[in-house]
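# Coordinates in review
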Amino acid sequence: NDETAYVDVISKGADVGAILYYQYGNIFAGDNITITGEIFNRGKINATDVSASLYEIKDGAKKLVEKKSIGTLEPDSFSEVSFGWIPDSSGEAYLELEAESPNDNNKDNNMESRHIKVLAKEYDIKPDISYYPNFIVVDGYAYIGILLQNFGIEDSPKFNLTLKANGAVVDSIIVEGLSPSN
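Residues numbered from 1 in each chain as written. Predicted model: local features only at pLDDT ≥ 70, side-chain atom pairs only at ≥ 80, totals over all residues. Heavy atoms only, no water.

## Re the nonpolar core
Ranked by size, the top nonpolar core spans 21 residues in total, and within it Ile35, Ile39, Trp85, Leu95 and Leu97 carry the most contacts. Of all elements in the fold, only strand 1 (16-20), strand 3 (33-41), strand 4 (47-58), strand 6 (77-85), strand 7 (91-100) and strand 8 (111-119) reach the threshold of two or more residues within this core. Ile35 has contacts with Leu20, Gln23, Leu54, Val81, Ser82, Phe83, Trp85 and Leu95, leaving out every residue within four places of it along the chain. Judged by nonpolar contacts, the second largest core, of five residues, contains Leu148, Leu161, Val175 and Leu178. (Core = buried A, V, L, I, M, F, W, Y, C linked by side-chain atoms within 4.5 Å. Buried < 20%, exposed > 50% of the residue type's maximum accessible area, 1.4 Å probe, protein only. Helix = DSSP H or I, 4+ residues; strand = E, 2+ residues; numbered from the N terminus. Contact = heavy atoms within 4.5 Å.)

Next up, the structure:
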């Protein structure tokens, strides 16, 4: 007879954390989007000099969108925050909301992130090499896996996909069009 029990450990000091609300609907490159969330203090004392920062993480780069000063958060209270964000290109990204306070005793809950898919208003084809062998024999054959995604909202027309290695054309194929990725 196994029993599961959940224990909620509350810090004796300040304990700020972040909640990033999910964005519903389509998000388009170049549009001004309002991102909202909450910064909270679950600790037993006031959290001082509290700030909230929103970051965009795309293609391995982390970029500060905006930082806001909240001031002091009393125990068991929260502050709603909103940020303006203009995604500059289509594709996949993460938004990360980070809460900070110099007297925070628990840094484990300071960040929350959401996966966001940014669309183009027309079609936007992006290839991604998803598989290739560790070794390719000269004058031999190798299978290369390429994932094509359409980050737009319209079907693409027919296009040519060309694979190059060291600047030389290795292979080429005509793709009859691509529907938007879901």
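## Points about the sheet that holds strand 4
Taken together, the five strands give an open sheet; going across it, the order is 2-8-7-4-5, and neighbouring strands pair in mixed fashion. Each end of this open sheet is capped by a strand with a single partner; those strands are strand 2 (27-28) and strand 5 (61-73). Across seven bridges, the pairing between strand 4 and strand 7 is antiparallel. Looking at the pairing, Leu54 lines up with Leu97 of strand 7. (Pairing = 2+ DSSP bridges.)

## Brief notes about a nonpolar patch on the surface
Residues Ile129, Tyr132, Ile136, Ile144 and Ile146 make up a contiguous nonpolar surface patch of roughly 460 Å² in combined accessible area. Relative to the assigned elements, Ile136 resides in the loop between strand 9 (125-131) and strand 10 (145-150). (Patch = residues over 30% accessible without salt bridge, like charges linked within 9 Å, V, L, I, M, F, W, Y side chains within 5 Å. Areas by Shrake-Rupley, 256 points an atom, 1.4 Å probe, with all protein chains shown as cover. Salt bridge = Lys/Arg side-chain N within 4 Å of Asp/Glu carboxyl O.)

## What about the packing of aromatic side chains?
Tallying each qualifying case throughout the model produces zero aromatic pairs. Here Lys62 stacks its cationic end above the ring of Tyr55, 4.5 Å away from the centre of that ring. In this structure, Lys68 packs its charged tip against the face of Phe83, placed 5.3 Å from the ring centre. (Phe/Tyr/Trp six-rings, centres within 6.5 Å; stacked < 30°, edge-to-face > 60°. Lys NZ or Arg CZ within 6 Å of the ring centre and 35° of its normal.)

## Observations regarding the pairing of strand 4
Most of strand 4 sits inside the fold, with nine of its 12 residues counted as buried. When strand 4 meets strand 5, the two strands line up antiparallel, connected through 10 bridges. Paired with Ile57 across the bridge in strand 5 is Lys62. A loop of two residues connects strand 4 with strand 5, the two strands running antiparallel in sequence, and Asp59 in this loop sits at a positive phi of about 55°.

## Some thoughts on the pattern of salt bridges
Under the criterion given, the structure shown has seven salt bridges. A salt bridge links Asp88 to Lys63; the nearest nitrogen and oxygen atoms lie 4.0 Å apart. Within this pair, whereas Asp88 is found in the loop between strand 6 and strand 7, its partner Lys63 is found in strand 5, the two being separated by 25 residues in sequence. Residue Asp88 is classed as exposed on the basis of its relative accessible area of 57%. Residue Lys63 is classed as partly exposed on the basis of its relative accessible area, which comes to 43%. Residue Glu112 is joined to Arg114 by a salt bridge in which the shortest nitrogen-to-oxygen separation is 3.6 Å.

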